[in-house]
Amino acid sequence: MALAKREDLPIELTWDLSHLYPDQNAFETDVARLKNGLNDFQNKYQGKIDSSLVASQAILDLEQLTILSNWTQSYGFLAYSVDRTQEINEKNVILADELGELFQQKTAFFMPELLSQNSNILQELRLLPEMKPFVAYIDQLERQRPHLFDAHTESILGALSGTLFGQEKIFSSIKFEDLTFEDFQADGQSYQNSFPAFEGNFETHSSIEVRHQSWKSFHQGLAKYQHTAARNYINLVQTHKKMATLRGFDSVFDYLLDNQQVSQATYHRIIDTLMDEWAPVMRRFAKMMAKEHGLAKISLADIKASFSQDEVAEVTVEKARQLVQNALKPLGQTHNQIISQAFADRWIDYPMNQTKSTGGFCASPYQKPSYILLNWTGLLNEALVLAHELGHAGHFSLSAQHQAHLVNEPSMFFVEAPSTCNEVITCQYLLNQPLNNKEKRALIASFIQSTYYHNMVTHLLEAVYQRKVYQAVDRGELLNADRLNQFFRESLEEFWAGAVEINEGAELTWMRQPHYFDGLYSYTYSAGLAIGTQVGQRIANYDQAAIDAWLNVLKLGGSQMPIELAKLAGVDLTTTEPLKQAIQYVSQLLDQIESLV
């Protein structure tokens, strides 16, 4: 059961980072270019932004520096995320992190100095032809005006950014370097437990004994480091609160949502609507699953197992590639070329290996390949994960073709819409294939578990828990591991309301995900899936108007506010209606499962 070493993997199943940098020398050359460029930028512009022409040249120079910073940091992060055993990978990721701090230190003067000038400069900037691609960036500067410090203070904070907000690195060290799990016995066999083995295999295993014994081993391992992990996370949320106060925000929520360009009302509306109206649908699913498995009540240790007790459908990498390419054909030639290139040029890293990051992600260096990390289990739902990450790849590839780097990335609030949209398109394609009732029933259940459980249960519960933590911070309450455990258990109990047994150790679930270190990220999966459900269904039905609108939205990157991007795609998230439509869609899928018995 031990995972393979990185060097023993088939190279064709791993990603090719040479598309980013062909070798170490090329990487180090850009590191030197970036360092020199940052020094030149500071010397050339600090204290000298006295006209719109100077400011425009500074923005053009900053654009190039942000691209270099993006490439070098991506290279260090990506290599380290799949292999922590190589000293050069550790060296590069540390160097990349240091460069990130240096970038912030050397460029932090720019915003406050520009905004301290006569307001006519910004108006003149918007009218310069060379600034047309940067209008959204200039608007963003204006929005930040009330919360910026002076140039000197911003430079100090930039230099300290890695220290002030470096908690995710500590979390990763705990997760990948310190945490160990006891072997466990089940069904007369001995199993070796680990983070990737538990999340990629054991918690979805067909054997109830394997699921429960691995759960016990896994959560006992987590418990050993709960106080260290809690102190690390509490340090982050308290730092967020201090920064919110120092920058003049009324609440830590306002501070964290400001960068997302989303109001507190929208944030709370999404969470509250789902807790009130989505939770009952998933309680119904849990009861259906308990009945399917012949259990009086399903537990959290069982909820991720296959709904059907028939043999679980498996899929090879090659078959998944073909399936996803066929499913996403409605998106058209340009988008399909991106997907074909991702497969042909090895943008994707499939197999599990020792020290590789768990889960999956897509990292998209500007105008370079979108690198996708997977932990391939061979189960059919991996095709949906692949489609999800290719949604990010298609989005950022199209955005980078049409937007400057400074406005390339949309708000975090919108970023999960393209990925979840792809999941909906792919599953609709699968459901349209010739299937018997048993196959269709199993597929619908797998779709609910993979797409809706993961994005609108797992991440929603993270969001509910996070809200409790930040509310406590706003109130100045004491926080420790016991409080964090209490908050997560309360979130589980509120959502499931007795429909699912809460196993011992479930309160430690907050220790499993890195999303908490990205501010209020978790709830955005629900917003994304509310968009993705509507748009994905239209695209799967070859609605050309919806396809054209969606491709246009993907090209806009961060040039529009997230609520506006959703409206351009035909979804109004200023109301609860899109959420309710997604909930109704899943409720109808449950009706289909029951009717297919």
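Residues numbered from 1 in each chain as written. Predicted model: local features only at pLDDT ≥ 70, side-chain atom pairs only at ≥ 80, totals over all residues. Heavy atoms only, no water.

Heads up, the rule is: UniProt positions are given in the numbering used here, feature names are shortened, and annotations may be inferred rather than shown by experiment.
Per an unreviewed UniProt entry, the chain goes by Oligopeptidase F and derives from Ignavigranum ruoffiae. Its UniProt record gives the chain a comment under Function (unreviewed entry), which states: "Has oligopeptidase activity and degrades a variety of small bioactive peptides."

## A short note on the overall build of the chain
Here is the rule: Helical segments are the DSSP runs of H or I of at least four residues, strand segments are the runs of E of at least two, and each set is numbered from the N terminus. Each residue is placed in one exposure class: buried if its accessible area under a 1.4 Å probe, protein chains only, is under 20% of its type's maximum, exposed if it is over 50%, and partly exposed if it falls in between. Between two residues, a contact is recorded if the distance between any of their heavy atoms is within 4.5 Å. Every accessible area reported is derived by Shrake-Rupley at a probe size of 1.4 Å, with residue values counting cover from the shown protein chains alone. Here the positive residues are Lys and Arg and the negative ones are Asp and Glu; neither His nor the chain ends is included. Charge placement uses NZ in Lys and CZ in Arg. For Asp and Glu, CG and CD serve respectively.
Looking only at helices and strands, one finds 24 helices and seven strands in the chain. Its C-alpha atoms give the chain principal-axis dimensions of roughly 75 × 55 × 50 Å. For the chain, buried positions account for 58% of its 597 residues. Counting contacts in the chain only where the partners sit at least 6 residues apart, residues at least 24 apart contribute 77% of the total. Total accessible area computed for the chain in this model is approximately 24200 Å², and 48% of it derives from carbon and sulfur atoms. Where the 48 positive side-chain charges of the chain centre and where its 71 negative ones centre are 3 Å apart.

## With respect to the nonpolar core
Heads up, the condition is: Definition of nonpolar core: a set of buried residues of the types Ala, Val, Leu, Ile, Met, Phe, Trp, Tyr and Cys, connected through side-chain atoms within 4.5 Å.
Counting residues in each nonpolar core, the largest one holds 147 residues, and the members touching the most others are W278, W496 and W550. Beyond its immediate stretch of four places on either side in the chain, W550 contacts L331, F414, A417, P418, C421, I531, V535, I539 and A569.

## Quick word on helix α15 (residues 317-327)
The condition is simple: The directions considered for the arc run from the helix axis to the C-beta atoms.
Residues V317, A320, R321, L323, V324 and A327 constitute the buried set of α15. Within α15, the buried residues cover an arc of 165° as seen down the axis, which keeps them to one side. The inward-facing, buried residues of α15 contact α16 (333-344), α17 (381-402) and α18 (417-431).

## Focus on unusual backbone geometry
A positive phi angle, near 55°, is found at D187, a position not held by glycine. Mapping D187 onto the fold places it in the loop between β1 (184-186) and β2 (189-191).

## Notes on the packing of helix α2 (residues 52-82) against helix α5 (residues 120-127)
Heads up, the rule is: Lines fitted to C-alpha atoms define the axes, with helix axes restricted to the stretch in contact, and inter-axis angles between N-to-C directions lie between 0 and 180 degrees. Convention used here: angles under 35 degrees read as roughly parallel, angles over 145 as roughly antiparallel, angles from 65 to 115 as roughly perpendicular, and any remaining angle as oblique. In this scheme, a crossing is called left-handed if the near helix is turned counterclockwise away from the far one by less than a right angle; it is called right-handed if the turn is clockwise. By the convention adopted, Pro, Cys, Tyr, Trp, Phe, Met, Ile, Leu, Val and Ala count as nonpolar, Lys, Arg, Asp and Glu as charged, and the other residues, Gly among them, as polar.
At a closest axis distance of 9 Å, the pairing of α2 and α5 adopts a crossing angle of 60°. Between α2 and α5, the interaxial angle falls into the category oblique. In this structure, the crossing between α2 and α5 has a hand that is right-handed. Seen from α2, the contacting residues are S52, A55, S56 and I59; seen from α5, they are I121, E124 and L125. The residue makeup of the contact of α2 with α5, split by class, is four nonpolar, two polar and one charged.

## Quick notes on the pattern of salt bridges
Condition: A side-chain nitrogen of Lys or Arg and a carboxyl oxygen of Asp or Glu constitute a salt bridge if their distance falls within 4 Å.
Taken as a whole, this structure holds 26 salt bridges when the rule is applied. The residue E203 makes a salt bridge to K304 at a minimum N-O spacing of 3.7 Å. In this pair, E203 sits in the loop between α10 (195-200) and α11 (208-223) while K304 sits in the loop between β3 (298-299) and α15, placing the two residues 101 residues apart along the sequence. Residue E203 is classed as buried on the basis of its relative accessible area of 8%. Counted as one network, the salt bridges with shared partners bring together E199, E203, K304 and R512.

## Describing the environment of L99
Inspection of the secondary structure puts L99 in helix α3 (residues 87-107). On the basis of relative accessible area, L99 is assigned to the buried category, the value being 2%. In sequence terms L99 and W278 are 179 residues apart; their C-alpha atoms lie 44 Å from each other.

## Considerations on the packing of α15 against α18
Where α15 meets α18, the axes come as close as 9 Å, and the angle between the chain directions of the two elements is 100°. It follows that α15 is roughly perpendicular to α18 by the angle criterion. Within the contact between the two elements, α15 uses L323, N326 and A327 and α18 uses I425, T426, Y429 and L430. Split into classes, the residues belonging to the contact of α15 with α18 amount to five nonpolar, two polar and no charged.

## Concerning the sheet that holds strand β5 (residues 361-363)
Rules: When DSSP finds two or more bridges between a pair of strands, those strands are recorded as paired.
Pairing within the open sheet is mixed, and its three strands lie in the order β4-β6-β5. Both outer strands of the open sheet, β4 (348-349) and β5, are each paired with one neighbouring strand and no more. Sheet topology places β4 next to strand β6 (residues 371-373); two bridges connect them, and they run parallel. Paired with I348 across the strands is I372, a residue of β6. Set on the sheet, α17 makes contact with β4, β5 and β6; between it and β5 the angle comes to about 20°.

## Some thoughts on the environment of S172
Turning to its location among the elements, S172 is positioned in helix α9 (residues 167-178). Apart from the residues lying within four places of it in its own chain, the contact partners of S172 are R84 and E177.

## With respect to helix α20 (residues 481-496)
Using the following cut-off: Multiplying 1.5 Å by the residue count of a helix minus one yields the expected span of that helix. The term polar contact refers here to a pair of N or O atoms within 3.5 Å; inside protein, the definition further demands a hydrogen-donor-capable atom paired with an acceptor-capable atom, and it admits residues adjacent in sequence only when both atoms are side-chain atoms.
Look at α20: 23 Å from first C-alpha to last across 16 residues, which is about the 22 Å you get at 1.5 Å a residue. Within α20, burial applies to A481, L484, N485, F487, F488, S491, L492, F495 and W496. Seen along its axis, α20 keeps its buried residues to an arc of 160°; they face one direction. Residues of α20 that are buried in the fold lie against α12 (226-246), α14 (264-293), α19 (437-474) and β7 (500-501). Structurally, the start of α20 carries an N-cap: the backbone nitrogen of D482 is 3.1 Å from a side-chain oxygen of N480. Downstream of α20 by one or two residues, A497 has phi in the positive range, about 50°.

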